Amino acid sequence: MCGIIGYVGKNNALKALINGLKALEYRGYDSVGVAYFLNDKIKIIKDKGRINELENNIDINDLPNIGIGHTRWATHGVPNKINAHPHSVGNITLVHNGIIENYLELKEELIKHDYNFKSDTDTEVACAYIDYLYKNNNDMLKTLHEIQNIFIGSYALCILINNDFNNIYITKKGSPLILGINTDEKIIASDISAIISYTKNYIILEDNDIGIINRDNYKIYNNNKLINKEILTFDKNIDSISKDGYDHFMLKEIYEENELINNTLNHYFNNNLLSSLPDISKYKSIYIVGCGSAYNTGLVGKYYIEKYLNIPVYVELASEFRYKKLFIKENDLVIAISQSGETADTIEAVKIAKERNAKVLGIINTYQSTIARLSDEVIYINAGIEVAVATTKAYSLQVLYLILLALRNSNIVINNIDKEINTIYNYDYKKYIKHLVNTEHIFFIGRGIDYYLSVEGCLKLKEISYIHAESYAAGELKHGTISLIDKGTPVIAIITDNDIAKKTISNIKEVKARGAHVIIVASDNINIDKEIYDEIISIPYNKYLLPILSIISMQLLSYYVAKEKKCDIDKPRNLAKSVTVE
Ligand code: F6R
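Because the structure is a prediction, the values reported are computed rather than measured.

J.: Mind laying out the nonpolar core, listing which residues take part and the relevant values?
T.: Of all hydrophobic cores here, the largest spans 93 residues; its most connected members are Ile 286 and Ile 335. Here this core gathers at least three residues from each of two domains, domain 2 (239-416) and domain 3 (420-582). When residues no more than four places from it in sequence are discounted, the contact partners of Ile 286 are Ile 280, Ile 305, Ile 311, Pro 312, Val 313, Tyr 314, Leu 333 and Ile 335.

Structure below.
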């Protein structure tokens, strides 16, 4: 969601901006733009659409040394050229990530001071307000300090000022921003992926930091004081962002799961390292917070932690967390799950947990992300960069770590599941999806852990294929939803838990009797009568890892449905990879 880039240095700024924007592309966007100094004037190129379309409008003879860029994921106003960033008002040109919640009040105030607006965005208002303050004080440091008490909401800003040819001004509150440092060039970005091809040295901006950045120097202030920021070195490998011959990043990432899962298992079990994980058995209550698929991993975690550690687990949608009555106490544990580590709602939930003196354990993919930094302890899942908007490998690794946490104090050893995962990869999904592609509604059902898996299977399918799908605890169908089952309605039933298999099978019979087309995803140790299904995806039995094995089959099922429907699989409409606004 919205990516920011800025470059000042010895090299071609436009090239750096475009490369940086491409690296940020995975976050999701619908418009793109750049602004740079050329012959002492600021030139802006922006439009709705993709980065390579923007590149066609760029004059290759333009060789600026300073500029800013942006990928926009529309919040206020439709995706179009006018609403795209950079915005320019008076002396100020800027790009923004976040939302200025009180922009309408600020707009009214500015209209009284003769400002006019072209776009529907909160960002143009922010730009005008900065211009308005700057006109009065002629001091950008002071201006950016003042906005801290005026702008309500979140922002990361990268600013150019007319006639100030050498400097980029930056600040942030709530939205991420980092500064990459080389001797004779500086790169500003929303995340590390956009600076890594230029430098491994970077600093992380904290809320209310204000920076003045130029080719040779940078100065960061907070609360009007010049501060010394620690320079971090990024020592991990970021795999080059390429599809490696796969048709889509999503497929590549599903195929990476085998190695990632098995490497993690080998690491903990071959080396006897399970006890190096945090001991969560000492807590009386555990809360798990996350959004979307991260929340869904929490459901699976709840099942395992309650089963093996006998501790009550409350799984909370981070987006609801701050608006509900909470019972978290000082000695409770809050597990925050996030691939990006930048999800605004999850960040807020973590802050609330900390205010209540609960311990926060982050299960995170992105190094040094905001949630990782806020957490008392962090487990990095080491999934590598995930580009496809729909999460796959991060989901599986998050689930694996939750299972490992639940088993930490046991003597259980889990063997490699390479063979089992390969079995699942090798099924002919085109056969299973025939009946799904041309349908409008699909139901997912399961009980207990299988219900939790059905929730994720269902989310995956709808987000990338645009088919309406619902997941139900199988026993709930009779309480209303079974009225929607008609001749041919696809129902995908998950049965991995032998203890409750019979109950789910009864529910499958009920939908079959009403004409449903049934696809079963079932563990191969469970006997299932051929009469009750049309297709079956058989999951090799594994005592502890059936959730991971079965979800991979559903990820592939969704992938092939979306592929057959010719959907934009890696970048589904309206979705962003990193949801940095509330
Ligand atoms: C779905 C998906 C989203 C994310 C959610 C949280 O495929 O990817 O539901 O799981 O937006 O994102 P993170 O994990 O970055 O906090």
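Now that the structure has been shown, the text picks up again.
J.: So, the site of the ligand: which residues are in play, and what are the values?
T.: In the region of the ligand, 13 residues are neighbours, and Ser 338, Gln 339, Ser 340, Thr 343 and Glu 463 sit closest. One nitrogen or oxygen atom from the side chain of Ser 338 is found 2.6 Å from an oxygen atom belonging to the ligand. Take Val 389: an N or O atom from its main chain is 3.3 Å from an oxygen atom of the ligand. Secondary structure elements with two or more residues in the shell around the ligand: α7 (292-309) and α14 (449-465). When its residues are assigned to classes, the shell around the ligand shows four nonpolar, seven polar and two charged.

J.: Any details on the pairing of strand β7 (residues 153-161)? Residues and values, ideally.
T.: By the criterion of burial, β7 is predominantly enclosed, with eight of the nine residues buried. Taken together, the nine bridges between strand β6 (residues 92-100) and β7 define a ladder with antiparallel strand orientation. Counted as the bridge partner of Gly 98 is Tyr 155 from β7. Bridge analysis of β7 against strand β8 (residues 168-173) gives four bridges, and the strand direction is antiparallel. When the bridges of β8 are listed, Leu 157 appears paired with Thr 171.

J.: Can you explain the environment of Asp 247? Please cite residues and give values.
T.: Residue position: Asp 247 is located in the loop between β15 (232-233) and α6 (249-270). For Asp 247, the side chain forms a polar contact with the side chain of Lys 563, separated by 2.8 Å.

J.: Which residues make up the domain arrangement of the chain, and what values do they have?
T.: For the chain, the assigned domains are domain 1 (3-233), domain 2 (239-416) and domain 3 (420-582). Of note, the centres of domain 1 and domain 3, computed from C-alpha atoms alone, are 43 Å apart. Contact residues are listed per partner, giving 14 residues for domain 1 and 10 residues for domain 3. For the pair domain 1 and domain 3, the summed buried area comes to about 850 Å², and 56% of that belongs to carbon and sulfur atoms. Taken as a group, Arg 27, Arg 50 and Trp 73 account for 49% of the area that domain 1 buries against domain 3, more than any other trio of residues on that side. Joining domain 1 to domain 3, the criterion identifies one salt bridge. A salt bridge links Asp 568 to Arg 50; its shortest N-O distance comes to 4.0 Å. There are two residue pairs in polar contact (both at pLDDT 80 or more) connecting domain 1 and domain 3. Among the elements that take part in the side of domain 1 that touches domain 3, β6 stands out by supplying three residues, more than any other. Classifying every residue of the side of domain 1 that touches domain 3 by side-chain character gives four nonpolar, six polar and four charged.

What counts, and at which threshold
Residues numbered from 1 in each chain as written. Predicted model: local features only at pLDDT ≥ 70, side-chain atom pairs only at ≥ 80, totals over all residues. Heavy atoms only, no water. Core = buried A, V, L, I, M, F, W, Y, C linked by side-chain atoms within 4.5 Å. Buried < 20%, exposed > 50% of the residue type's maximum accessible area, 1.4 Å probe, protein only. Domains from an automatic or database assignment. Contact = heavy atoms within 4.5 Å. Near = heavy atom within 4 Å. Polar contact = N/O pair within 3.5 Å; in protein donor to acceptor, adjacent residues only side chain to side chain. Helix = DSSP H or I, 4+ residues; strand = E, 2+ residues; numbered from the N terminus. Nonpolar A, V, L, I, M, F, W, Y, C, P; charged D, E, K, R; others polar. Pairing = 2+ DSSP bridges. Buried area = accessible area lost by both parts, 1.4 Å probe. Salt bridge = Lys/Arg side-chain N within 4 Å of Asp/Glu carboxyl O.

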